[in-house]
Amino acid sequence: MNCIDFDQQFEHYTRDWMEKNAEKYKNNMDTIEAMMPDIYMEFLSKPASWLGGESPESFFEQYDDAAMLVEWMCAYYAQEVPVPDLLLERITALGDEAEACLLKLPFGEGVPHEAALTAISLLGEMESVAPMQAYIDFIASLEEPDEKGDMCAEALLAMGEMVVSPIFSALDRASETARDIFADILSNYPGEEQTFNLLMERFASCDDRHALFASYLAKFGDDRALPVLLAAALDDRTNYLDYVEIVSAIDALGGERPPERDFNGDPYYESLKRI
């Protein structure tokens, strides 16, 4: 497939435009930079010889085959040519047909990594819930956080409360990394006992990330966490940054603030004090 570098063509167009208008604008780069959105819109609308006379904005509109367009997108990634936003916009505009093609990419064999990530992003733009279980299964198997897992988590969060029950079903087989990710997602939906237990478990098991899980407990909003949070705030082993977040969580849950502690000598406190 012919993967045309639209970014490069726009650079050529901009350079030519600046040469033609140098005298008019006295090479005032601030003015030219402010005009750049208009220059780009002009570039999109003008017929281009490098597109056989089509304008960039209309070039991909002539294609209705979602499978071919998705394959074209993958070819761009495989050839390491910047993928035109116009191609991605055309794919999402094709709706259900494009969704069916994109669903094959996130975990497909031989799919370029960036193409898989883009597919997750496009499915999110299309508000597709079809990959929900696939995202949950992928996260459940993660041994270490990674970019794809983060994107799956963001997509699940965007799907709303419908993800809660399927995530609960996956917890028994979820890795430690996955349990952390699921705790983040589930903390947005208060009232579930299973979520409260998970959040308390993660707070207790991750001493080096007390601040993170304290923020999840604050968001979840169950004041039964207060005794554990207060004990952590008073613990001499709790560093200054964790202490600040834990106290913030105590405040959010309506608890009484712990007595002030002396953090002189704490590396985080000393560093912030210098700033």
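Here, residues in each chain are numbered from 1, in the same order as that chain's written sequence. Residue-level local features of this predicted model are given only where pLDDT is at least 70; pairs of side-chain atoms are given and counted only at 80 or more, and the full residue set underlies all totals for whole chains, interfaces and linings. Side-chain measures here rest on the full set of heavy atoms in the structure, leaving out hydrogens and waters.

Novice: Outline the overall build of the chain, supporting the account with residue identities and numerical values.
Specialist: Looking only at helices and strands, the chain has 16 helices and 0 strands in total. C-alpha atoms define the radius of gyration in this analysis, and the globule rule sets the expected value at 2.2 Å times the number of residues to the power 0.38. Taking 19 Å as the expected radius of gyration for a compact globule of 275 residues, we find that the chain reaches 26 Å, considerably beyond that expectation. Its C-alpha atoms give the chain principal-axis dimensions of roughly 70 × 50 × 30 Å. With a 1.4 Å probe rolled over the protein chains alone, any residue whose accessible area is under 20% of its type maximum counts as buried; one over 50% counts as exposed, and the rest are partly exposed. Out of the 275 residues belonging to the chain, those deemed buried represent 44%. Contacts were defined at the residue level, with two residues in contact if any of their heavy atoms lie within 4.5 Å. Long-range pairs, those at least 24 residues apart, make up 62% of the contacts in the chain between residues at least 6 apart in sequence. Using a 1.4 Å probe, the Shrake-Rupley method yields the accessible areas, and only the shown protein chains count as cover for residues. For the chain, the exposed area adds up to about 14,900 Å²; of that, 49% sits on carbon and sulfur atoms. Helix numbers and strand numbers start at the N terminus; a helix is a DSSP run of H or I with at least 4 residues, a strand a run of E with at least 2.

Novice: Tell me about the pattern of salt bridges, residues and numbers included.
Specialist: Two side chains with opposite charge may pair up if their charged atoms get near one another. Basic side-chain nitrogens of Lys or Arg form a salt bridge, by our definition, when they fall within 4 Å of a carboxyl oxygen of Asp or Glu. Inspection of the entire model under this criterion finds 13 salt bridges. Here Asp137 makes a salt bridge to Arg173, at a shortest N to O gap of 2.8 Å. Of the two residues, Asp137 sits in helix H8 (residues 132-140) while Arg173 sits in the loop between helix H10 (164-170) and helix H11 (176-186), which places them 36 residues apart along the sequence. The class of Arg173 is partly exposed, set by a relative accessible area of 47%. Arg224 is the salt-bridge partner of Asp222, the closest N and O atoms lying 2.8 Å from each other. Salt bridges linked by common partners bring Glu176, Arg179, Asp180, Glu201, Arg202 and Arg209 together as one network.

Novice: Give a detailed account of the packing of H8 against helix H9 (residues 147-159), specifying residues and quantitative values.
Specialist: Direction vectors running N to C along H8 and H9 enclose 135°, while the axes themselves pass 9 Å from each other. Comparing the axis directions of H8 and H9 gives the class oblique. Where H8 crosses over H9, the two elements pack in a sense that is left-handed. On H9, the residues touching Met132, Tyr135, Ile136, Phe138 and Ile139 of H8 are Lys148, Gly149, Cys152, Ala153, Ala155, Leu156 and Met159. Every axis corresponds to a line fitted to the C-alpha atoms, with the helix fit spanning only the stretch in contact, and the corresponding angles, defined between N-to-C directions, vary from 0 to 180 degrees. Here roughly perpendicular refers to angles of 65 to 115 degrees, roughly parallel to angles under 35, roughly antiparallel to angles over 145, and oblique to all remaining angles. Definitions for this section: a left-handed crossing has its near helix turned counterclockwise from the far helix by less than a right angle. A right-handed crossing has that turn clockwise.

Novice: A description of a negative patch on the surface should follow, citing residues and the corresponding values.
Specialist: Like charges are joined within 9 Å and nonpolar side chains (Val, Leu, Ile, Met, Phe, Trp, Tyr) within 5 Å, but only among residues with over 30% relative accessible area and no salt bridge; these make up the patches. Positive charges come from Lys and Arg, negative ones from Asp and Glu, while His and the chain ends are left out of the count. A single reference atom marks each charge: NZ on Lys, CZ on Arg, CG on Asp, CD on Glu. Taken together, the side chains of Asp7, Glu11, Asp85, Glu89 and Glu125 present a region of like negative charge at the surface. Contributions of two or more residues to the negative patch are made by helix H1 (6-25) and helix H5 (85-93). Secondary-structure assignment places Glu125 in helix H7 (residues 113-125).

Novice: Give a description of helix H2 (residues 29-45) that names residues and reports values.
Specialist: Expected helix span is computed as 1.5 Å times (number of residues minus one). The terminal C-alpha atoms of H2, which comprises 17 residues, lie 24 Å apart, in line with the 24 Å expected from a rise of 1.5 Å per residue. The axis of H2 is deflected most strongly, by about 50°, at Met36, and proline Pro37 appears within four residues downstream. Every buried residue of H2 is accounted for by Ile32, Ile39, Phe43 and Leu44. Lining the buried residues of H2 we find H1, helix H3 (56-59) and H5. The angle between axes fitted to the seven-residue stretch ending at a residue and the seven-residue stretch beginning at it gives the bend at that residue.

Novice: Which residues make up the packing of helix H4 (residues 66-78) against H5, and what are the values?
Specialist: For the pair H4 and H5, interaxial distance at closest approach is 10 Å and the crossing angle is 150°. When the interaxial angle is binned, H4 and H5 end up roughly antiparallel. The handedness of the crossing between H4 and H5 comes out as left-handed. Taking contact as the criterion, the partners of Leu69, Val70, Trp72, Met73 and Tyr76 in H4 are, on H5, Leu87, Leu88, Arg90 and Ile91. Lys, Arg, Asp and Glu make up the charged group, whereas Ala, Val, Leu, Ile, Met, Phe, Trp, Tyr, Cys and Pro make up the nonpolar group; the residues left over, Gly among them, are polar. The residue makeup of the contact of H4 with H5, split by class, is 8 nonpolar, no polar and 1 charged.

Novice: A description of the side chain of Ser55 should follow, citing residues and the corresponding values.
Specialist: Tracing the chain through its elements places Ser55 in the loop between H2 and H3. Only 2.8 Å separates the side chain of Ser55 from the side chain of Ser58, close enough to count as a polar contact. Once residues within four sequence positions are removed from consideration, Ser55 is found in contact with Leu44, Ser45, Lys46, Pro47 and Ala48. Polar contact is the term for a pair of N or O atoms within 3.5 Å; when the atoms are in protein, one must be able to donate a hydrogen and the other to accept it, and sequence-neighboring residues count only if both atoms are side-chain atoms.

Novice: Which residues make up the state of the cysteines, and what values go with them?
Specialist: Here, two cysteine sulfur atoms that lie within 2.5 Å of each other are counted as a disulfide. Counted according to the given criterion, the structure contains 0 disulfides. The closest cysteine sulfur to the non-disulfide-bonded Cys152 is located on Cys74, 16 Å from its own sulfur. The buried category is assigned to Cys152, whose relative accessible area is 0%.

Novice: Could you give an account of H5, naming the residues involved and the relevant values?
Specialist: Within the span of H5, buried status applies to Leu86, Leu87, Leu88, Arg90 and Ile91. Here the buried face of H5 lies against H1, H2, H3, H4, helix H6 (96-102) and H7. Backbone geometry just downstream of H5 places Gly95 in the positive-phi region, at approximately 65°.

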